[in-house]
Amino acid sequence: MYVAVKGGERAIENAHRLLAHERRGDRDVPEVSLAQISEQLSLGVDRVMTEGSLYDRELASLAIKQARGDMIEAIFLVRAFRATLPRFGATEPVDTGRMQVRRRISSTFKDIPGGQILGPTFDYTHRLLDPQLAEGFAPELPATSDAPAGAMPRVTDILGRDGLIESSPRPDDDAPVGDLTREPLSFPADRDLRLQNLARADEGFLLALGYSSQRGYGRTHPFAGEIRLGEVEVEFLAEDVGFAVPLGSITLTECQMVNQFKGSATEGPCFTRGYGLAFGHCERKVMSMALVDRSLRARELGEEVLAPSQDEEFVMSHSDNVQATGFVEHLKLPHYVDFQSELGLLRKLRQEFAEAEASPPLREAAE
Amino acid sequence: MTTFAELPSGFADKVLSAQTTFRSVMDAMARPGSVHCIASASGTPPGVMRGTAAIALTLFDHDTPLWLDPRMAQAPEVEKWLKFHTSAPIVSDSSICSFALIGNAAELPALDQFSFGSNEYPDRSTTLILQVESLREGLAFELSGPGIDGTTVLQATIEPLDLFARLAINATLFPRGIDVVLVADDAVVAIPRTTRLVAEGD
Amino acid sequence: MNAPTYNFAYLDEQTKRMIRRAILKAIAIPGYQVPFASREMPMPYGWGTGGVQVTAAILGRDDVLKVIDQGSDDTTNAISIRKFFAKTAGVATTTSTTDATVIQTRHRIPEGALHAGQVLVYQVPIPEPLRFLEPRETETRRMHALGEYGLMHVKLYEDIARFGHIATAYAYPVKVNARYVMDPSPTPKFDNPKMDNCAALQLFGAGREKRIYAIPPHTSVVSLDFEDHPFTRYRFDAPCALCGAGDSYLDEIVTDDKGSRMFVCSDTDYCETRQSQGHRGSESAAPHKERAHG
């Protein structure tokens, strides 16, 4: 009996009901709150804000809850919401040099002005599952001290003072900053657009690309010049008021890679830069981003583009996990019309093949 | 000095009026030479026809640099109205504008003063919005091209008189070119770059 | 919390303006892919976000919307998209091809001729017909700029050398208005001739790839081929088992695990309309054996 795909509407409704049920899990277990997600799964929230490209902890927590912990699904939820938001303008550039630092390390100097600050890090923890945590316990309060009084200059600024690192490319203040969510991307893409793409890019994708560059697919000789985590002020220049209005502060992670030096007949040799920035605490992301940013500067620095991480069309076209997951997963949609067309062609080719096999002289004649 | 409160109004219902206006323009572009009526009403600054005003409110925003013919550019109400309702930047360099508004045919510059786009990006071209006397009576223009089943006849009173001769450049340049929207009061006709003049007469 | 509120037909007006401008350029340059700043939609990329954005930008209160996937109004994705617009735009929906003013489709062109005043919106996954021959956008853009399509002919000819036929069964490339080579979206090549000189406006939206393109009504659309290997349509050689149609594209339904199958119209509205007019197939109750060959 031919059963058409009738009843699809009810099937969808039932599937969504079942999804909501499964999301809730065992109803005897207390429901997780957004505050719990925001506070206790905070690095997940940070990733969703970064790749979702929207700084809103509460919405990111909701997205994680709604997505049942599927990060890419949560990022997608945030992006779809973000796309509907009106835009009032762009903030003033944030100054990470004035960051209220909570963590700050450099691998290029033993000590730096302002000091190395380990902060909240998994580094140097022994990765042993903790039974105490399984039961739940109140950790000791952290040790505190007064906030460092002195300035905390960026390591790259220290190198820059001696001309040891290329100066940070500084576009003209009036030059518009590209926005790939408002203007369709075209290649070659400038660094503003590349960095925006990388900031939104899938952490795993950037991690693999950065890793590949370390293993020799387009080496860039990186040093972690500095990684810093902390709060920065965000200001908005209101045209009618005429001055910058503070909007509040956000948490950022920044990575400045110091890379392979360059030099030319007209320019003294100096180190080059790779840059990574993310909302919240996303250290793996900013390091990977900085590696890939440096790799993608190959064209600009006159290096031969040979490796995937140097290929801006390849990287930028495939870095977005919302795009990637949509297209990979769309293979779940029905394709039977096209499949039927292929099947028809294949049957015809096989039939012709069989007929040719059965009558060899004909085949020779055809040849 | 005009204050914003004294400016002619925009659409009463922005969303639906923009939609119906767009559909008229889209249908016009898809069927070159056919006359489409713009039903949405808004206020109009002096020298700007109803159809032109509706198109402006529907398609212009801060991403679309505008060029105005000198007479419109000299009417402060026009610029104020456009800026207030659309936020579109008004530019004096016609070669970078997305749209050009022409109210006075005598002031239509040579077409190569506008952007034709590039062969890689032929969409980066100027769309010309040209106000004319009538799109119902006047000379008969027989047209052909995509969107037209065989040929169609447009009866119109158009200035400049040699408009179609000037537009012949579209045939040479394609895919680069200039798309034109003719407006007479609330009537619109589109002449995209693919439309060719077959014959002209009374 | 920032409680979400959405505009008529979901998209905000600024986005609609941007898409509308792209649509006008697309119509003015038939077959050319206009880049547009595609937005994240509340459905995944690859599931029709391009078509949905185009539909959202053109849809008005008086429109009657039909959505099909695989030719059918009842496939899950078609239902999902139809419900999206019924909810966000409050438009009337229909399954009737004739009654619809806007038809959004994935993978098929309706069997019945479309009429003037209708808009057919295609969902497109990969808009670039040259993409599988040349993965770089910078290169394919140059090829389109120069109208340099030799690579495509070489590919099609290699097929002939290898298989004796052009081995493209769907998304079969066409040339529009004798200028641009265009991807018709993954419709079976059976549908290609319907695009030529069609009375309706055809709009194509590729969300993930951020491109919109169009075929105005009554525009020449030619499937690429060779004099010695002319373009041919494929359809399984059987009448529809439900309505007896001998001219429609057929779905193959496997009815048991012993190789039994039946063939029915892929266009469900076409099939149901024919049945309501009294046309009968070899009937649906007893599946028949596939004929010896097609």
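Residue numbers run consecutively from 1 along every chain, following the written order of its sequence. Chain letters and ligand numbers both follow the written order, the letters beginning at A and the numbers at 1. This being a predicted model, a pLDDT of at least 70 is required before a residue's local features are given, and a value of 80 or more before pairs of side-chain atoms are given or counted; all residues contribute to the totals for chains, interfaces and linings. By convention in this description, side-chain values take in all heavy atoms of the structure and omit both hydrogens and water.

1. Concerning the interface of chain B and chain C
Our working rule: Only heavy atoms enter the contact rule, under which two residues are in contact if any of them lie within 4.5 Å. A quick way to say it: buried area is the sum, across both parts, of accessible area lost when two parts are put together, with a 1.4 Å probe. Here a salt bridge means any side-chain nitrogen of Lys or Arg lying within 4 Å of a carboxyl oxygen belonging to Asp or Glu. Definition of a polar contact: a pair of N or O atoms within 3.5 Å, with one able to donate and the other able to accept a hydrogen when the atoms are protein atoms, and with sequence-neighbouring residues admitted only if both atoms are side-chain atoms. Think of it this way: any DSSP run of H or I at least four residues long counts as a helix, any run of E at least two long counts as a strand, and we number them from the N terminus.
In this assembly, 39 residues from chain B lie in contact with 42 residues from chain C. Together, the buried faces of chain B and chain C total about 3200 Å²; carbon and sulfur atoms form 62% of this surface. Run the count over chain B and chain C and you get 3 salt bridges. C:Arg17 is paired through a salt bridge with B:Asp61; the nearest N and O atoms lie 2.9 Å apart. Scanning the region where chain B abuts chain C turns up 16 residue pairs in polar contact (both at pLDDT 80 or more). Listing elements by their share of the side of chain B that touches chain C, those giving two or more residues are helix 1 (14-30) and helix 2 (50-59) of chain B. Top contributing element to the side of chain B that touches chain C by residue count: helix 1 of chain B, with 11 residues.

2. Some points on the sheet that holds strand 6 (residues 151-157) of chain B
All names here are of chain B. The test is simple: Note on pairing: DSSP must find at least two bridges between two strands before they are called paired. Axes, fitted as lines to C-alpha atoms, cover a helix only where it is in contact. Angles between the N-to-C directions of the axes lie from 0 to 180 degrees.
In space, the 3 strands of this open sheet follow the order 6-5-9, with antiparallel pairing throughout. Looking along the sheet, the strands with just one partner apiece sit at the ends: strand 6 and strand 9 (196-201). Across the sheet, the axes of successive neighbouring strands diverge by a mean angle of 40 degrees, strand direction being ignored. Strand direction decides the pairing type here: strand 5 (residues 134-144) and strand 6, joined by 7 bridges, are antiparallel.

3. Concerning the pattern of salt bridges
Rules: Residue exposure (1.4 Å probe, protein chains only): buried if accessible area is under 20% of the type maximum, exposed if over 50%, otherwise partly exposed.
In the structure shown here, the tally under the stated rule is 52 salt bridges over all chains. The residue A:Arg228 makes a salt bridge to A:Glu226 at a minimum N-O spacing of 2.5 Å. Judged on exposure class, the residue A:Arg228 and its partner A:Glu226 are both buried. B:Arg166 is the salt-bridge partner of B:Asp162, the closest N and O atoms lying 3.2 Å from each other. What emerges from the salt-bridge pattern is a single network uniting A:Glu166, A:Arg194, A:Arg297, A:Arg299, A:Glu300 and A:Glu312.

4. Re the interface of chain C and chain A
What counts here: Following the grouping adopted for this structure description, the nonpolar residues are Ala, Val, Leu, Ile, Met, Phe, Trp, Tyr, Cys and Pro, the charged ones are Asp, Glu, Lys and Arg, and the polar ones are all others, Gly among them.
Taken together, the contact pairs 70 residues of chain C with 51 residues of chain A. At the boundary of chain C with chain A, total buried surface from both sides reaches about 5200 Å², with 59% on carbon and sulfur atoms. At the boundary of chain C and chain A, one finds 5 salt bridges. The closest approach of N and O atoms between C:Glu40 and A:Arg79, which form a salt bridge, is 2.6 Å. Our enumeration of links across chain C and chain A arrives at 21 residue pairs in polar contact (both at pLDDT 80 or more). Broken down by secondary-structure element, the contributors of at least two residues to the side of chain C that touches chain A are helix 3 (76-89), helix 4 (137-146), strand 11 (250-254) and strand 12 (261-265) of chain C. Top element by residues in the side of chain C that touches chain A is helix 3 of chain C. It accounts for 5 residues. The residue makeup of the side of chain C that touches chain A, split by class, is 34 nonpolar, 18 polar and 18 charged.

5. Looking at the pairing of strand 3 (residues 99-102) of chain B
All names here are of chain B. Burial along strand 3 is two-sided: the residues Phe99 and Leu101 and Ala100 and Ile102 are all buried. Looking at chain direction, strand 3 and strand 4 (residues 127-131) are connected through 4 bridges and run parallel. In the sheet register, Leu101 faces strand 4, and the bridge partner there is Ile129.

6. Topic: the domain arrangement of chain A
Residue and element names in this part refer to chain A. For clarity, the cut-off: What counts as a domain boundary in this text is fixed by an automatic or database domain assignment.
Once the domains are mapped, chain A shows domain 1 (9-82) and domain 2 (96-120 + 149-167 + 185-324). Taken together, the contacts link 14 residues of domain 1 with 16 residues of domain 2. Interface of domain 1 and domain 2: buried area, both sides summed, is about 1300 Å²; carbon and sulfur atoms make up 56% of it. Among the residues of domain 1 in contact with domain 2, Thr50, Tyr55 and Arg79 are the three that bury the most area, contributing 46% of the side total. Linking domain 1 with domain 2 are 2 salt bridges, by the criterion used here. A salt bridge links Arg79 to Asp320; the shortest N-O distance between them is 3.0 Å.

7. Considerations on the sheet that holds strand 6 (residues 174-176) of chain C
Think of a sheet as strands paired side by side through backbone hydrogen bonds, with each pair either parallel or antiparallel. All names here are of chain C. A sheet is described by the order of its strands in space; here 3 strands give the open sequence 7-6-10, paired in antiparallel fashion. Whereas interior strands pair on both sides, the edge strands pair on one side only; in this sheet they are strand 7 (180-182) and strand 10 (221-223). Sheet twist, expressed as the average angle between the axes of neighbouring strands with direction ignored, equals 30 degrees.

8. So, unusual backbone geometry
Each neighbour pair has its own omega, and for A:Phe187 with A:Pro188 the value is -5 degrees, a cis peptide bond. Inspection of the secondary structure puts A:Pro188 in the loop between helix 7 (155-161) and helix 8 (191-200). Note that the residue after B:Glu159, namely B:Pro160, is joined by a cis bond; omega there is 0 degrees. When you line up the elements, B:Pro160 lands in the loop between strand 6 and helix 5 (163-167). A positive phi angle, near 55 degrees, is found at B:Asp185, a position not held by glycine. Examined against the element boundaries, B:Asp185 turns out to sit in the loop between strand 7 (179-184) and strand 8 (187-191). With a relative accessible area of 37%, B:Asp185 lands in the partly exposed category. If you check the backbone angles, C:Ala171 has positive phi at about 50 degrees while not being a glycine. Residue classification places C:Ala171 among the partly exposed positions, given a relative accessible area of 22%.

9. Here's the deal with the packing of aromatic side chains
Cut-off, in case you're wondering: Here the aromatic set is Phe, Tyr and Trp, taking the six-membered ring for Trp, and pairing holds for ring centres within 6.5 Å; pairs whose planes are under 30 degrees apart are stacked, those over 60 apart are edge-to-face, and all others are tilted. A positively charged side chain is recorded as over a ring if its NZ (Lys) or CZ (Arg) lies within 6 Å of the ring centre. The angle to the ring normal must also be within 35 degrees.
In total, this model carries 13 aromatic pairs over all chains according to the counting rule given. On the numbers, 5.7 Å between centres and 80 degrees between planes, the contact of B:Trp67 with B:Phe114 is edge-to-face. Of this pair, B:Trp67 sits in strand 2 (residues 66-68) while B:Phe114 is found in the loop between strand 3 and strand 4, placing the two residues 47 residues apart along the sequence. The two residues B:Trp67 and B:Phe114 agree in class, both being buried. Consider the rings of C:Tyr172 and C:Phe231, whose centres lie 5.0 Å apart with planes at 70 degrees: the pair is edge-to-face. Pair noted here: C:Tyr172 is in the loop between helix 5 (150-163) and strand 6 and C:Phe231 is in the loop between strand 10 and strand 11, with a separation of 59 residues, a long-range link. There is no split in this pair, since C:Tyr172 and C:Phe231 are both buried. Put simply, the rings of C:Tyr10, C:Phe84 and C:Phe85 touch in pairs and so form one group of aromatic residues. One residue, B:Arg124, lies across the ring of B:Tyr121, its end atom 3.6 Å from the ring centre. For the cation-ring pair, C:Arg208 lies above A:Phe327, with the distance from its terminal atom to the ring centre recorded as 3.6 Å.

10. Concerning the environment of C:Leu146
Mapped onto the fold, C:Leu146 is located in helix 4. Taking the C-alpha atoms as reference, C:Leu146 lies 30 Å from C:Arg106; in sequence the two are 40 residues apart.

11. Details of the environment of B:Gln19
With respect to the helices and strands, the residue B:Gln19 is situated in helix 1. What makes B:Gln19 buried here is its relative accessible area of 5%. Measuring from C-alpha to C-alpha, the distance between B:Gln19 and B:Phe164 comes to 30 Å, with 145 residues separating the pair along the chain. Each residue touching B:Gln19, except ones within four places of it in the same chain, is listed here: C:Arg20, C:Ile58, C:Leu59, C:Gly60, C:Arg61 and C:Asp63.

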